[in-house]
Amino acid sequence: TGRRSHNTTQNQVGATRRLRPSTRRLRRTVMASADPFSAVRARLAEHGQAHLLSPPPPAAAAEDYLRQLRGLDLPWLRRMFESSTSAQPPAGDITPFEDITCVEELPAGGAEARSEGLRLIAEGKVAALLLAGGSGTRLGSAAPKGCYDIGMPSHKSLFQYHAERLLGARRLAAQHSGRRLEEVHLPLLVMTSEANDGETRAFFAERDRFGLPPDQLHFFTQGMLPAFDERGRILRSSASQLALSPNGNGGVYLSLQEAGLLEEMSRRGVTSVFQAPHPYPAPSGIVRVLPLCFLSDSLSLSLS
């Protein structure tokens with residue numbers, strides 16, 4: 001019996017020894033899974049952003065912060081930062097463009113070009129794009145800038161001015177082409193920001209979209225990018241939040257693509273987008289959303 005017990009003990013020890021390598025592997029696996037930041041930490045270090053985990057985020061916000069870090073395209077961000085900071089100023093003197101054509105210089109005061117613009121609208125080949133991601137803080141208002149009353153006797157907002165001008169362009173195009181108004185499609189694409197998207201949508205909805213057909217009004221949000229310091233290090237606004245900034249006016253087309261609106265406009269037959277200015281008080285109150293005589297010329301942007 002003693003010999004059997006001794007043999008049994010030896011067998012158990014041998015089995016334990018045989019299991020040790022797999023046990024160690026299991027222990028390493030458990031330890032790795034206990035540190036969800038291990039893979040992200042290595043990736044950040046590879047791209048010179050290891051500081052984003054020092055100090056680590058609070059445990060309660062760790063999962064959300066990990067999601068933010070995983071969403072970073074670090075190689076692309078590095079290329080973007082380097083190309084932006086390495087740009088050299090243009091050599092020589094900067095002078096105004098000389099090859100400029102005024103409307104008054106066009107044949108018959110631009111009547112032919114205006115007629116072509118109306119034709120393009122009537123055929124549904126034009127969309128209007130409005131950049132409206134800003135707020136009216138410099139105007140003394142916390143509301144989206146397009147909601148601002150610029151002090152005209154009508155007390156209309158900038159959004160209303162833009163909407164009514166689009167409606168007017170649709171009516172002119174319908175008359176010019178002999179179509180019914182309902183047959184003329186002139187979409188308005190409104191770029192908002194994460195900060196004012198909900199308020200902007202509500203402003204339009206509460207005013208029945210200022211008469212714009214619901215299928216011709218589209219909202220999309222401006223993209224955001226991480227903020228950098230002068231050395232190219234991504235910044236944090238807190239221990240569990242990256243510092244983000246709007247990606248600039250040039251990002252509007254990427255945002256249109258991500259929102260599926262470029263594909264939607266192409267499917268509808270839109271070939272040109274006219275980009276209206278920012279809804280600043282003076283410029284947007286004066287500049288027309290769709291100067292018809294320009295639509296067939298240089299202010300059209302091919303969706304291709």
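Each remark here, short or long, concerns the structure printed above.
**Considering the nonpolar core**
Counting residues in hydrophobic clusters, the biggest one holds 26 residues, and the most contacted among them are Ile121, Phe159, Leu188, Leu212 and Leu217. For this core, the element with the highest residue contribution is helix α6 (residues 158-177), accounting for seven residues. Ranked by size, the runner-up nonpolar core spans 15 residues in total, among them Leu44, Leu72, Ile234 and Leu242.

**Topic: the pattern of salt bridges**
For the coordinates displayed, the defined rule picks out 14 salt bridges. The partner of Glu82 in a salt bridge is Arg78, and the shortest N-O contact between them spans 3.9 Å. Residue Glu82 and its partner Arg78 are both found in helix α4 (residues 74-85); the two are separated by four residues, about one turn of the helix. Owing to a relative accessible area of 41%, Glu82 belongs among the partly exposed residues under this scheme. Taking the shortest distance from any N to any O, the salt bridge between Lys125 and Glu123 comes out at 3.3 Å.

**Re the side chain of Arg170**
Tracing the sequence through the fold places Arg170 in helix α6. For the buried Arg170, no salt bridge is present, and the opposite-charge side chain at shortest range is Glu182, 6.7 Å distant. Aside from chain neighbours lying at most four places away, what touches Arg170 is Leu181, Glu182, Val184, Leu186, Pro213 and Gln216.

**Brief notes about empty space enclosed by the protein**
As enumerated under the stated definition, the model contains one cavity of 30 Å³ or more in all. Considering only enclosed or pocket space, the largest cavity measures out at about 40 Å³ in volume. Every residue along the wall of the largest cavity is listed here: His47, Gln49, Leu74, Leu77, Arg78, Phe228, Gly232 and Ile234. Residues of the lining of the largest cavity, tallied by class, amount to four nonpolar, three polar and one charged.

Reading guide: rules and limits
- Residues numbered from 1 in each chain as written.
- Predicted model: local features only at pLDDT ≥ 70, side-chain atom pairs only at ≥ 80, totals over all residues.
- Heavy atoms only, no water.
- Core = buried A, V, L, I, M, F, W, Y, C linked by side-chain atoms within 4.5 Å.
- Buried < 20%, exposed > 50% of the residue type's maximum accessible area, 1.4 Å probe, protein only.
- Helix = DSSP H or I, 4+ residues; strand = E, 2+ residues; numbered from the N terminus.
- Salt bridge = Lys/Arg side-chain N within 4 Å of Asp/Glu carboxyl O.
- Lys, Arg positive; Asp, Glu negative; His and termini not counted.
- Contact = heavy atoms within 4.5 Å.
- 1 Å grid on protein atoms, 1.4 Å probe; cavity = no way out; pocket = protein on both sides within 12 Å on 5 of 7 lines; lining within 4 Å.
- Points joined across faces, edges and corners; volume = space filled by probe spheres on them.
- Nonpolar A, V, L, I, M, F, W, Y, C, P; charged D, E, K, R; others polar.

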